[in-house]
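Here is how the chains run, residue by residue.
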Amino acid sequence: MTTSPRTIMRIYFHVTEADEELYEQLLAVLEGITPRVQAHPVDRSADVDLTGALRYWKQDAAGLAAVIRLRALALYGVQSSAGVGPTLGVAVMAAATTPPGAATVVGNTPYDVAAFLRPQPAAALPGIGPAAARALDRLGIRTVGDISDTPLATLQRILGTAAGRQAHDRAHGFDGRPIVPAAAPKSLSRTHRFDHDELDPEQHHRAVLGLVEQLGAQLRHDQSIAAALTLTVTYADRTTTSRTRTLAEATAHTPALASTGRELLASLGLQRARVRALSVRAERLQPAETATHQLTFDARDDKARDLEAALDRARARYGPGVAGTAASYRQAVAPRRGPAGTAR
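These remarks concern the structure in this document. (Residues numbered from 1 in each chain as written. Predicted model: local features only at pLDDT ≥ 70, side-chain atom pairs only at ≥ 80, totals over all residues. Heavy atoms only, no water.)

### Side note on the packing of helix α8 (residues 152-159) against helix α9 (residues 161-171)
At a closest axis distance of 7 Å, the pairing of α8 and α9 adopts a crossing angle of 130 degrees. It follows from the interaxial angle that α8 and α9 lie oblique. Here α8 and α9 pass one another in a crossing that is right-handed. Of the residues in α9, those touching α8 at L152, L155, Q156 and L159 are T161, A163, G164, R165, A167 and H168. Considered class by class, the residues forming the contact of α8 with α9 number 5 nonpolar, 4 polar and 1 charged. (Axes fitted to C-alpha atoms, helices over the stretch in contact; angles between N-to-C directions. Helix = DSSP H or I, 4+ residues; strand = E, 2+ residues; numbered from the N terminus. Parallel < 35°, antiparallel > 145°, perpendicular 65-115°, else oblique. Left-handed = near helix turned anticlockwise from the far one by under 90°. Contact = heavy atoms within 4.5 Å. Nonpolar A, V, L, I, M, F, W, Y, C, P; charged D, E, K, R; others polar.)

### Regarding helix α10 (residues 201-222)
For α10, with 22 residues, the first-to-last C-alpha span of 31 Å sits near the 32 Å given by 1.5 Å per residue. Two or three places before E202, at the opening of α10, D200 has a side-chain oxygen 2.9 Å from that residue's backbone nitrogen. Downstream of α10 by a residue or two, Q223 has a phi angle that is positive, lying close to 55 degrees. (Expected span 1.5 Å × (residues − 1). Polar contact = N/O pair within 3.5 Å; in protein donor to acceptor, adjacent residues only side chain to side chain.)

### Section: unusual backbone geometry
At K58, a position not held by glycine, the phi torsion is positive, near 55 degrees. Within the secondary structure layout, K58 lies in the loop between α2 (51-57) and α3 (61-76). Among the residues examined, K58 registers a relative accessible area of 77% and is labelled exposed. (Buried < 20%, exposed > 50% of the residue type's maximum accessible area, 1.4 Å probe, protein only.)

### Things to note about the pattern of salt bridges
Applying the stated rule across the entire model yields 12 salt bridges. Note that D149 and R118 form a salt bridge whose closest N and O atoms lie 2.8 Å from each other. Taken together, the residues D149 in helix α7 (residues 144-149) and R118 in the loop between α5 (110-117) and α6 (130-138) connect sequence positions 31 residues apart. D175 is the salt-bridge partner of R170, the closest N and O atoms lying 4.0 Å from each other. Comparing R170 with D175 shows no difference in burial state: the two are buried. Among the ionic contacts, a cluster of salt bridges with common partners joins R170, D175 and R177. (Salt bridge = Lys/Arg side-chain N within 4 Å of Asp/Glu carboxyl O.)

Any functional reading would require information that these geometric values do not contain.
Structure follows, in structure tokens:
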């Protein structure tokens, strides 16, 4: 069992929209407590090493977690949930079981760690994915306590040498992963809020394409490229779901971004969902000069890029929204009809 003197916190900020500036301000709140902050912008969370800060602020773990959550609420009106423990794995698991507006603090004694870990489902242990959880379940290993009680050699036969060792260590409370201070990777986001809770999948599709076009144009204007896209859906009850996908190659090319946007939308299965807002965020931005492009003999790709450049020039001259793909507009202009029903 771990005897580590560390105190680690995983905190989730519950924001309804992908607001990059707000997230950076919340990270600044954490950095005002300790410089050891590792950002996770995809799910608006962060890992914080509070070990040295406890003595400086003359607080225990529960007290300092409360101070951080209160500052986020008082300064920015953002609710948060937090998990605190002696290792990163324990903190992550504690945060996952904590509702918004609360914190779960696991003590650093072997008894405290075991009392928290053992009843947790096996799938909750960091590093145990769905496939590994199913393999363990077939053998009756359903909780972290079951993993802890299983001999290392058996776990390695089930999960593989490295994964079995990792599961064995984490089930016993050993997790030496450090908190690596790093700023949130630069990103760019756009949001579409519907006039009413939208059920129509076609309107969802058009909104995502419109957002992707806006992002592509802005990226090209800023001479940046994105390595990943995140789609966030806000539902009628204000809950959210996010999906992230890494692009085949970092790009600002709208068709490539649109293809990934469509895949993300399809993966969410929103056919019967009442959607209040959609947000698309371009992640892990890089300077455009670092781009690599797979050469192709398909002339259509060159034509698409030429058209894209022409549309960018039109937007720069006449303003945003003046041009784009027909699929991104809510309703195409119908042809006018003459008295006999013929198109004019």
